Amino acid sequence: MKTLPGISRTLRHSALAIGLGLGLAVGGTASAYETFMETDERVIFTTEGEYDFYFEMVEEAIAAEGLVINNVGYIANMLDRTGGQESGEGIYLNGQSVDFCSATYSRATMEADPHNMLFCPYIITVYELSEEPGTIYMGYTPVPEVGDKDSKESLRAVNELVERIIKEALAF
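Since the model is a prediction, treat every value here as computed from it, not as a measurement. (Residues numbered from 1 in each chain as written. Predicted model: local features only at pLDDT ≥ 70, side-chain atom pairs only at ≥ 80, totals over all residues. Heavy atoms only, no water.)

Draft legend 1. Examining the sheet that holds strand β2 (residues 43-48) more closely. Spatially, six strands are ordered β1-β2-β6-β5-β4-β3 in an open sheet, and the strand pairing comes out antiparallel. Strand pairing shows two members of the sheet lacking a second neighbour, β1 (33-38) and β3 (68-73), which therefore form its edges. Sheet twist, expressed as the mean angle between neighbouring strand axes with direction ignored, is 25 degrees. Where strand β5 (residues 122-129) and strand β6 (residues 135-140) come together, four bridges link them in antiparallel fashion. (Pairing = 2+ DSSP bridges. Helix = DSSP H or I, 4+ residues; strand = E, 2+ residues; numbered from the N terminus. Axes fitted to C-alpha atoms, helices over the stretch in contact; angles between N-to-C directions.)

Draft legend 2. Looking closely at the state of the cysteines. Counted under the stated rule, the structure contains one disulfide. There is a disulfide in this structure between Cys-101 and Cys-120, and the S-S distance comes to 2.1 Å. Handedness here is read from the sign of the S-S torsion; for Cys-101 and Cys-120, about -140 degrees, the answer is left-handed. In this pair, Cys-101 is assigned in strand β4 (residues 92-101) and Cys-120 in the loop between α4 (103-112) and β5, connecting sequence segments 19 residues apart. Residue Cys-101 is classed as partly exposed on the basis of its relative accessible area of 21%. (Disulfide = S-S within 2.5 Å. Buried < 20%, exposed > 50% of the residue type's maximum accessible area, 1.4 Å probe, protein only.)

Draft legend 3. View of the packing of aromatic side chains. Evaluation of the coordinates by the stated rule reveals seven aromatic pairs. Taking the centre distance of 5.8 Å and the plane angle of 85 degrees together, the rings of Tyr-92 and Tyr-127 count as edge-to-face. Taken together, the residues span a long stretch of sequence, with Tyr-92 in strand β4 and Tyr-127 in strand β5 at a distance of 35 residues. Residue Tyr-92 is classed as partly exposed on the basis of its relative accessible area of 27%. Measuring from centroid to centroid gives 6.0 Å for Phe-100 and Tyr-122, while their planes differ by 75 degrees, and the two rings are edge-to-face. Pair noted here: Phe-100 is in strand β4 and Tyr-122 is in strand β5, with a separation of 22 residues, a long-range link. Given a relative accessible area of 0%, Phe-100 falls into the buried group. An aromatic cluster of three or more residues is present, and its members are Phe-36, Tyr-92, Tyr-127 and Tyr-137. (Phe/Tyr/Trp six-rings, centres within 6.5 Å; stacked < 30°, edge-to-face > 60°.)

Draft legend 4. Broad picture of the pattern of salt bridges. Counted according to the given criterion, the structure contains five salt bridges. Measuring nitrogen to oxygen at the nearest pair gives 2.8 Å for the salt bridge that ties Arg-164 to Glu-65. Separated by 99 residues along the polypeptide, Arg-164 in helix α5 (residues 149-170) and Glu-65 in the loop between α2 (51-64) and β3 bring together distant segments of the chain. Residue Lys-167 pairs with Glu-163 through a salt bridge whose shortest N-O separation is 3.2 Å. Of this pair, Lys-167 and Glu-163 both sit in helix α5, four residues apart, which is roughly one turn of the helix. Classification of Lys-167 as partly exposed rests on a relative accessible area of 33%. (Salt bridge = Lys/Arg side-chain N within 4 Å of Asp/Glu carboxyl O.)

And the structure:
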């Protein structure tokens, strides 16, 4: 599914919300994705499609949660700029990260343990390998569920939020 020229971001956001609702209502999703790798250190999903589309779906899924993106990191571009100086030349066709935060989730984690500030912002990375054009990877580093019971529960909720955003973005 491609973004159509002339369609406003608000309209695309509404279409995403409707599409997500329809997908959930019929018990399925419009696109197939799979968990590529899941460890305590990283969770990566993969799907087939166009990079720009899926990156925009991440942005839309974050907005659908009522959250705002703080920063976009242009990781693949940085590697391309330094290609002559580093050995990473040609690794990615595309690769960006988005970081965002939630006042609600962050407050809960930091009220449980003020040192949980270390885990904010939350970051989702979307990338496409040069050797695998059309295969889109989307992942995050789960925050460790540390501290007392309240801290662990609040940090688990952050991981669930980030994974929900990714799965919503992959639903198309």
